[in-house]
Amino acid sequence: MQATADVQTTNTLDGLIDLTRYPVDDVDGEAGRALIAQCRRQLDEDGCVVLKNFVPKKALARLEAETERLSPEAHYNQIETNPYNSAGDPEKPLSHPVNRFDDRTNGFVAGDRIDGDTIIRQVYEHPDFQRFIGAVVGMEEIHQYADPLADLVVNVLREGCQHPWHYDTNEFIVTMMTRQSHGGGRFEYASGIRSPEGENFAEVEKVIDGDRTRLKSLDLQPGDLQVFFGRYSLHRVTPVEGDKERHTVIFAYAKEPGFIGRPERAQRIFGRMAPVHERLLEEGMDRSDSLAD
Ligand SMILES: O=C(O)CCC(=O)C(=O)O
Ligand SMILES: [Fe+2]
């Protein structure tokens, strides 16, 4: 019976998302449409929207416990990166942004460690949530990755760990904070600092040098959901201070179904591959796309 199935689908988000404040289960209703319009306006202006307390207070202890349990499974890969995730350019001065390398020191828990009964996976996979995110980012449809490692990941930053200034290559990123550190671990960004028309290196250099005039710094808390267009907004997570880890969950979606990241990337980011990556490696992967770093 269709009606029963619908009711069940809708119900699973009950208690996991504050549906009164954020009616993602009714995007065609008046409140749903108003919410989407507001999110779209903010994304348009700022490239970022934060939905505070998206997960209701009652579910926070459970949410925090989920990534706390998973975090020992994180794979840490320390790399030196510039904002462009590219090689440096010896023709340019050392002060140029392309030559500004810094340590990226986070750990990732891969998606195949995150069970179906967790809040994070239930939200990530829920058709209503996907429809809502699609409407917010202006895409008719969005699809979960078909990559069992990179679809849903926990980003773990221990004391002293950071995610230095960078741009994303993903169209958009959806993150949910599940645990905040005692100090540091702030998400900072320079909205729209570059554009398809130009890199704006002079301004980027100022930001890397410590100029904070155009920066926004978010006070994210467990249960907050963030949608971010990181392709044109330079951003970072500042070093974590204190012995409490910072956890964010990254929900990865693509425009087309069936997206699988490159096997080499899986190996680098997660320290291993899934069977699907091994198969692709054997068959030889004829494709140019790759995931954002
Ligand atoms: O953990 C976060 O808040 C965001 C990290 C980030 O910028 C990224 O994964 O590209
Ligand atoms: Fe990023």
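Everything numeric here is computed off the predicted structure, so don't read it as measured data. (Residues numbered from 1 in each chain as written. Chains lettered and ligands numbered in written order. Predicted model: local features only at pLDDT ≥ 70, side-chain atom pairs only at ≥ 80, totals over all residues. Heavy atoms only, no water.)

Engineer: Help me understand the coordination of the iron ion (ligand 2) in this model?
Structural biologist: When four donors bind a metal tetrahedrally, each ideal donor-metal-donor angle is 109.5 degrees, and when six bind octahedrally, the ideal angles are 90 or 180 degrees. For the iron ion (ligand 2), the full set of protein donor atoms is H166 (NE2), D168 (OD) and H235 (NE2), and the range of their distances to it is 2.1 to 2.2 Å. When the donor residues of the iron ion (ligand 2) are listed from N- to C-terminus, their spacing reads H-x1-D-x66-H. In terms of burial, H166 and D168 fall into one category: buried. (Donors = N, O, S within 2.8 Å, 3.2 Å for Na, K, Ca; no water. Buried < 20%, exposed > 50% of the residue type's maximum accessible area, 1.4 Å probe, protein only.)

Engineer: Just checking my understanding: could you explain the side chain of S233 for this structure?
Structural biologist: With respect to the secondary-structure elements, S233 resides in the loop between β13 (225-228) and β14 (234-237). According to the relative accessible area criterion, S233 is buried, its value standing at 3%. In terms of polar contacts, S233 uses its side chain to reach the backbone amide nitrogen of G192, at 2.9 Å. Excluding its chain neighbours within four sequence positions, the residues that come into contact with S233 are H166, Y167, A190, S191, G192 and F228. (Helix = DSSP H or I, 4+ residues; strand = E, 2+ residues; numbered from the N terminus. Polar contact = N/O pair within 3.5 Å; in protein donor to acceptor, adjacent residues only side chain to side chain. Contact = heavy atoms within 4.5 Å.)

Engineer: Whenever I open this one, the pairing of strand β16 (residues 246-251) confuses me. Can you help?
Structural biologist: For a regular strand, side-chain orientation follows a simple rule: the groups alternate between the two sheet faces. Burial of β16 is extensive: 6 of the 6 residues sit out of reach of the surface. Neither face of β16 is left uncovered, since the one carrying R246, T248 and I250 and the one carrying H247, V249 and F251 both have all their residues buried. Relative to β16, strand β7 (residues 152-157) runs antiparallel, the two being bridged by 6 bridges. Bridged to N155 within β16 is T248. As paired elements, strand β9 (residues 173-179) and β16 share 5 bridges and run antiparallel to each other. Bridge assignment links T175 to a residue of β16, and that residue is I250. (Pairing = 2+ DSSP bridges.)

Engineer: Looking at this structure, how should I read the pattern of salt bridges?
Structural biologist: Should the charged atoms of two oppositely charged side chains come close, the side chains can pair. Enumeration over the complete set of coordinates arrives at 23 salt bridges. Here D28 and R131 are joined by a salt bridge, their closest N and O atoms 2.9 Å apart. Here D28, found in the loop between α1 (2-11) and α2 (30-46), pairs with R131, found in helix α5 (residues 127-137); they are 103 residues apart in sequence, far enough to count as distant. Ionic pairing is found between R236 and E188, a salt bridge with its closest N-O pair at 2.8 Å. Taken together, the residues span a long stretch of sequence, with R236 in strand β14 and E188 in strand β11 (residues 187-190) at a distance of 48 residues. Classification of R236 as partly exposed rests on a relative accessible area of 22%. Three or more residues joined by partner-sharing salt bridges are found here, namely E64, E68, R179 and K244. (Salt bridge = Lys/Arg side-chain N within 4 Å of Asp/Glu carboxyl O.)

Engineer: Explain the packing of α2 against α5 here, please?
Structural biologist: The packing of two helices is summarised by the inter-axis angle and the distance between the axes. Where α2 contacts α5, the axes come no closer than 8 Å and their chain directions differ by 45°. In terms of axis orientation, α2 runs oblique to α5. As for how α2 packs across α5, the hand of that crossing is right-handed. Along its contact with α2, which presents L35, I36, C39, R40 and L43, the element α5 presents F132, A135, V136 and V137. Here the residues of the contact of α2 with α5 sort into 8 nonpolar, no polar and 1 charged. (Axes fitted to C-alpha atoms, helices over the stretch in contact; angles between N-to-C directions. Parallel < 35°, antiparallel > 145°, perpendicular 65-115°, else oblique. Left-handed = near helix turned anticlockwise from the far one by under 90°. Nonpolar A, V, L, I, M, F, W, Y, C, P; charged D, E, K, R; others polar.)

Engineer: Would you mind going over the UniProt feature "domain: Fe2OG dioxygenase" (unreviewed entry) in the protein with me for this structure?
Structural biologist: Taking the UniProt record as the reference, the feature "domain: Fe2OG dioxygenase" (unreviewed entry) is found at residues 148-257. Secondary structure content for residues 148-257 is 7% helix and 40% strand, while the C-alpha to C-alpha distance between its ends is 13 Å. (UniProt positions renumbered as here; feature names shortened; annotations may be inferred.)

Engineer: Where do I start with the sheet that holds strand β5 (residues 107-109) in this structure?
Structural biologist: Pairing between the strands of a sheet is mediated by backbone hydrogen bonds and can be parallel or antiparallel. Spatial strand order, β1-β13-β9-β16-β7-β5-β2: 7 strands in an open sheet with antiparallel pairing. Unpaired on one side and paired on the other, β1 (48-51) and β2 (75-76) mark the two borders of the sheet. Strands in contact with helix α3 (residues 60-70) are β5, β7, β9 and β16; relative to β9, the strand with the most contacts, it is inclined by about 90°. Helix-sheet contacts for α5 involve β1, β9, β13 and β16, and the interaxial angle to β13 is about 40°.

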